[in-house]
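# Report on the structure
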Amino acid sequence: MLSPFNDLALKGWKSGKKVVLYDTTLRDGEQMPGVSFSKAQKLRIAQALCDAGVKHIEAGFPAVSKREAAAVKAVAGLRTGAETLALCRARKGDVDACVDCGVDIALIFIATSDIHLEHKYKCSRERAVEMALGAMEYAGERGLRFTFSTEDSTRSDMGYMLSLNKMAERLGAERIGITDTVGCATPESVAHLVGKICAGAKRPVSAHLHNDLGLAVANGLSAVRAGAAALATTVNGIGERAGNLPLEEFAVASELLLGADHGIDLSKLTSVSRLVARAARIETPRNKPIVGGNIFAHESGIHVAAVLNEPFTYEPISPELVGGARRFVLGKHTGIAAIRMMLGSKKERLTGAQERKVLARVKSRGEGNGSVTVKEFWRIVRGAGNGR
Ligand code: MN
């Protein structure tokens with residue numbers, strides 16, 4: 001159950017807005033240090049994303065290596081019905097690599113911030129325009145569909161980006177992208193940027209957001225409200241540094257808070273999250289929103305007693321919504337309601353004094369160990385029942 005203040009704050013906002021979530025777990029997600037997906041893993045993840053309703057899958061960056069190109073080609077050949085995308089620098093060789101892999105759409109990008117132009121490309125703004133122009137013209141010649149993004153948009157000159165975007169539209173770009181490459185934007189600055197880019201664009205606008213300051217989801221919601229029609233996500237938010245806009249967090253937040261229509265089956269999110277965590281060998285933090293191990297776990301006596309009566313007292317969403325499961329943890333903070341619930345689950349009956357004894361032992365054991373396992377609990381119950 002959500003806050004009624006949300007609706008007040010959204011006055012005038014129409015729910016049902018179509019938003020494309022184009023998932024880049026297999027590209028930006030894989031750029032997370034230490035993560036490398038095999039072809040088989042990429043295929044399995046792509047299939048799971050499709051099954052969860054993701055309709056645009058960025059399969060990789062074909063120019064990275066022959067093996068990467070082969071994996072991208074395999075994903076493009078899956079024929080799941082989803083469009084496959086691949087990253088493409090403003091170079092003819094990258095365009096060729098995308099064509100060779102058989103992807104549906106190349107994500108052509110050029111960095112536009114002065115810091116990237118000076119220290120990465122070591123070229124002028126004019127030269128970067130030529131590079132982008134050359135790559136997009138060439139993609140057109142090769143019959144490859146493409147989108148165009150300005151890298152590091154949140155630190156770039158607005159006029160410069162607008163003129164590049166205009167050129168990209170003229171050359172046939174299907175979408176115009178803004179990127180918060182180092183995750184330094186705020187919801188307010190994203191609203192300003194996306195609003196201006198949308199006002200100057202004839203094509204749908206996308207946003208690719210990083211989470212360096214923990215604002216990716218807030219920035220994504222702001223981007224949607226400002227007119228963005230597509231958002232890049234990764235499962236579990238994996239990616240460079242602090243990672244990307246997390247698919248599971250954004251799918252739930254945008255649907256529940258903004259009424260966005262993205263077509264994702266929320267009940268698949270937990271299983272997709274576990275699949276990617278295993279493949280990436282990145283353990284999901286227990287307090288990770290939506291999919292972390294603690295999201296539907298309750299220990300504190302006050303919370304357990306209330307949740308047993310009405311789960312929405314201490315849960316904003318139901319575990320079933322996202323394919324998760326509620327669990328109760330026994331430990332230092334346990335109260336009598338949890339003890340009675342556990343006993344009731346096996347139709348065990350103890351006297352009030354025995355129940356209090358069990359509670360005291362659970363709490364003291366939890367204090368030492370952090371938590372009490374179910375097995376330990378029943379051992380304590382047997383002890384108390386026997387008067388020990
Ligand atoms: Mn990125």
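Small disclaimer: the values here were computed from a predicted structure and weren't measured.

### Topic: the overall build of the protein
Looking only at helices and strands, one finds 15 helices and 10 strands in the protein. A total of 388 residues make up the protein; the buried ones form 51% of that total. When contacts within the protein are restricted to residue pairs at least 6 apart in sequence, those whose partners lie at least 24 apart make up 70%. For the protein, the exposed area adds up to about 17,900 Å²; of that, 53% sits on carbon and sulfur atoms.

### Structural notes on the coordination of the manganese ion
In this structure, Asp 28 (OD), His 208 (NE2) and His 210 (NE2) serve as the protein donors to the manganese ion, at separations of 2.0 to 2.3 Å. For the manganese ion, the single-chain donor residues occur in sequence as D-x179-H-x1-H. A residue pair is termed long-range when its members are at least 10 positions apart, and Asp 28 in the loop between β1 (20-23) and α2 (39-51) and His 210 in the loop between β7 (205-209) and α9 (216-225) qualify at 182 residues. Accessibility classification places Asp 28 together with His 210 in one group, the buried group.

### Let's talk about the sheet that holds strand β6 (residues 176-180)
Strand order around the closed barrel formed by eight strands is β1-β2-β3-β4-β5-β6-β7-β8, with parallel pairing between neighbours. Neighbour-to-neighbour, the strand axes of this sheet turn through a mean angle of 30°, independent of strand direction. Summarising the sheet, strand β4 (residues 105-111) and strand β5 (residues 145-151) pair through seven bridges and their orientation is parallel. The residue of β5 that forms the bridge with Leu 107 is Thr 147. Relative to the sheet, α2 contacts β1 and β2 (56-60), its axis offset from that of β2 by approximately 170°.

### Quick word on the pattern of salt bridges
Scanning the model with the defined rule gives 21 salt bridges in all. Taking the shortest distance from any N to any O, the salt bridge between Glu 151 and Lys 120 comes out at 2.4 Å. Separated by 31 residues along the polypeptide, Glu 151 in strand β5 and Lys 120 in helix α5 (residues 114-121) bring together distant segments of the chain. Here Arg 365 makes a salt bridge to Glu 376, at a shortest N to O gap of 2.7 Å. With Arg 365 in helix α14 (residues 352-369) and Glu 376 in helix α15 (residues 374-385), this residue pair connects regions lying 11 residues apart in the sequence. Overall, Arg 365 belongs to the partly exposed group, its relative accessible area being 34%.

### Structural notes on the packing of aromatic side chains
Applying the stated rule across the entire model yields one aromatic pair. Residues Phe 377 and Trp 378 carry aromatic rings whose centres are separated by 5.0 Å and whose planes lie at 75° to one another, so their mutual orientation is edge-to-face. Side by side, Phe 377 and Trp 378 carry an identical accessibility label, which is buried. Cation over ring: Arg 125 sits above Tyr 160, and NZ or CZ is 5.1 Å from the ring centre.

### Description of α15
Counted at 1.5 Å a residue, the expected span for α15 with its 12 residues is 16 Å, and the 16 Å between its end C-alpha atoms agrees. Regarding α15, the residues found buried are Glu 376, Phe 377, Trp 378, Ile 380, Val 381, Gly 383 and Ala 384. Its buried side turned inward, α15 meets α13 (336-345) and α14.

### Topic: unusual backbone geometry
One non-glycine residue, Arg 281, adopts positive backbone phi at about 55°. Residues other than glycine seldom take positive phi values, yet Lys 347 does so here, at roughly 50°.

### Quick look at a positive patch on the surface
Taken together, the side chains of Lys 346, Lys 375, Arg 379 and Arg 382 present a region of like positive charge at the surface. Looking at the secondary structure, you find Lys 346 in the loop between α13 and α14. In this structure Lys 346 comes out as exposed when scored by relative accessible area, which is 53%.

Rules behind the numbers
Residues numbered from 1 in each chain as written. Predicted model: local features only at pLDDT ≥ 70, side-chain atom pairs only at ≥ 80, totals over all residues. Heavy atoms only, no water. Helix = DSSP H or I, 4+ residues; strand = E, 2+ residues; numbered from the N terminus. Buried < 20%, exposed > 50% of the residue type's maximum accessible area, 1.4 Å probe, protein only. Contact = heavy atoms within 4.5 Å. Areas by Shrake-Rupley, 256 points an atom, 1.4 Å probe, with all protein chains shown as cover. Donors = N, O, S within 2.8 Å, 3.2 Å for Na, K, Ca; no water. Pairing = 2+ DSSP bridges. Axes fitted to C-alpha atoms, helices over the stretch in contact; angles between N-to-C directions. Salt bridge = Lys/Arg side-chain N within 4 Å of Asp/Glu carboxyl O. Phe/Tyr/Trp six-rings, centres within 6.5 Å; stacked < 30°, edge-to-face > 60°. Lys NZ or Arg CZ within 6 Å of the ring centre and 35° of its normal. Expected span 1.5 Å × (residues − 1). Patch = residues over 30% accessible without salt bridge, like charges linked within 9 Å, V, L, I, M, F, W, Y side chains within 5 Å. Lys, Arg positive; Asp, Glu negative; His and termini not counted. Charge placed at Lys NZ, Arg CZ, Asp CG, Glu CD.

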